[in-house]
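# Chains, contacts and geometry: an overview
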Amino acid sequence: MSTNTDAAPVSPVSVSAAQPWRVGLIGFGCVGQGLYDILQQHPEAGFTVGRIVVKTPGKARSLPAKRFEFDADALLADDSLDVLVEVIDDADTAFRLVSEALRRGRRVVTANKAMLARHLPALVQLQREGQGTLLYEAAVCGSIPVIRTLDAYFGAEPLRRLTGILNGSSNYVLTRMGEEGSDYAPALVEAQQLGFAETDPSLDMGAFDPRSKAVLLAAHAYGAFLDPEQVLNLGIEGISAVDIAFAASQGQKIKVVAGLQRLPDGRVTVLVTPQLVGPESPLYTVDHEFNGVVIEADFAGEQFLRGRGAGGHPTGSAVLADLAALRQGFAYQYPKAVEAPEYASDLEVEIYLRTDEDRIIDLLDFSEISEEADEDEYVVGYVALAHLIRHRDTLRKYGAFIVRTGRLRPVSTDELVAEVSA
C-alpha cells in the first residue's frame, strides 16, 4: 500500500464539543505560529489559544505584544488550560517544562525531537507514574503521521525494517546538487535563502536532527529506547559533485537515510547516514524538502508515506492532530517495549569513502575492499560499524565523505545480513 500525504491540505479533525479546549502555547516560532494560524482559520476544530509564552520581549511578531507573556511556569500552574503545547528550540528548558507538566498530570504536546531523543525513557516513566499524557507526532517528519501509525497500527506486528528520509534541509541540498551538478556550498546557500536550512545548518547537514528522529522511531517500531550516541550519524558536509556523479554512474541518488532494521537473530540496528538509493526504492523520488518513510512489516508488507517534513503549517497540522487525539483520550502505548530487543553494533557496513587522507583509510581498517579509484580518491568496501562510530568526529574533521551502499553483514564473516533497499 502507498500512502501519499504531500497533496493533502491542512484539514483538522473536527471535534464536537460545547466548549473549546484552551491551549497554552509555549513558543511562537515557525511551528507555534503555524499552529496559531490553523486554529484561527478552523475554529470548528474545537481549540483556542488561551495564553502564549515567548522568550524574547520586544521581538517583532505577527500578533500584538499584549498577546505574549514570558513565564512558562505560569502556564503549568494554570488549570484553566486544557493542554500545553511546547514548541521551543531549547532542549534543556523544554525537558524541564514538559517533565514538570507531566508530574502535575497535564496533557502535553511537543515537537522537540532533540529533547525527546535524549529523555524519552524518563518521560515515559513519568507518564506511567502519573496522570499526564505526552504526544509528539510533530517531532518526526512534519505532516507525516508515522509515530501514530507505528504505535497504533503496527503495535502488534513485527517490522523487518523502516527506512526514511527524515530531514528536508539536507534532502533539498542533495536534490539541487543532483539537478545542477553543483557543489555543496552553493546548494546550501540556496536552501538557506529559501528558508529550508538554518543559518547554522550543522544539526541538519551533520545528520544530528534525523538521528534524533530515528531514536524516536526505534522506540515505536521496535520498543528499543536508545541513547542517541549509540546511533551512527554521518552527514553531507564533505560531499562534492564527484560523489553525486559516482552515484549517477550507478543509476542511483545519494540521500540521507535513517535505516532501522531487525536482524535475523532478532536484534535491531539503526544507522543515519548518506546512502545510495536506486529507482526501485520509493525514496528515490522523494526530493527537495519532502520526507518519506518506508515501513516493511512481516505480514502487511511494504507501506510508503510521503509528505512535507517541515514548515509551520505542515508541522502545525501534526500538532493539531495530537490535540484532537488527546481530546479523544489517546495515549501512546509503546506495546513493543515489553520485550525490547537487544541493540546490535557488531556489524560491518559496506561504504563508499572519498578522502585525500590515507590515515582515514588506515583508521577505518577495511576488512574487504571491492573497488578503488586513486584519481577520484575513493574506495568501496566493508568497515566495522564500531569503527565508524568511534571515529565519526575524525571523519568530520578531515572532511571525509561516506555513503552506505545498503549492505550489512556480521563482523568478520562473508555472510550477508541484508542488502537493504532504502
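About the thresholds
Residues numbered from 1 in each chain as written. Predicted model: local features only at pLDDT ≥ 70, side-chain atom pairs only at ≥ 80, totals over all residues. Heavy atoms only, no water. UniProt positions renumbered as here; feature names shortened; annotations may be inferred. Helix = DSSP H or I, 4+ residues; strand = E, 2+ residues; numbered from the N terminus. Disulfide = S-S within 2.5 Å. Pairing = 2+ DSSP bridges. Contact = heavy atoms within 4.5 Å. Axes fitted to C-alpha atoms, helices over the stretch in contact; angles between N-to-C directions.

By the naming in an unreviewed UniProt entry, the protein chain is Homoserine dehydrogenase, taken from Hymenobacter perfusus. Under the heading Sequence similarities (unreviewed entry), UniProt records this for the protein chain: "Belongs to the homoserine dehydrogenase family."

What follows covers the UniProt feature "domain: Homoserine dehydrogenase catalytic" (unreviewed entry) in the protein chain. UniProt records the feature "domain: Homoserine dehydrogenase catalytic" (unreviewed entry) for residues 145-323 in the present numbering. Secondary structure across residues 145-323 comprises 39% helix and 25% strand; the distance between its end C-alpha atoms is 14 Å.

Time to look at the state of the cysteines. Evaluation of the coordinates by the stated rule reveals zero disulfides. C30 takes part in no disulfide bond, and the closest cysteine sulfur, belonging to C141, lies 16 Å away.

Here the focus is the sheet that holds strand β6 (residues 107-110). Ordered by their spatial adjacency, six strands build an open sheet running β4-β3-β2-β5-β6-β7, and the pairing between neighbours is parallel. With one partner strand each, in any of the chains shown, β4 (68-69) and β7 (133-135) form the two edges of the open sheet. Relative to β7, β6 runs parallel, the two sharing three bridges. Residue pairing across strands places V108 opposite L134, the latter belonging to β7. Those strands touched by helix α11 (residues 312-327) are β2 (21-26), β3 (47-53), β5 (83-86), β6 and β7, and its axis lies near 160° from that of β6.

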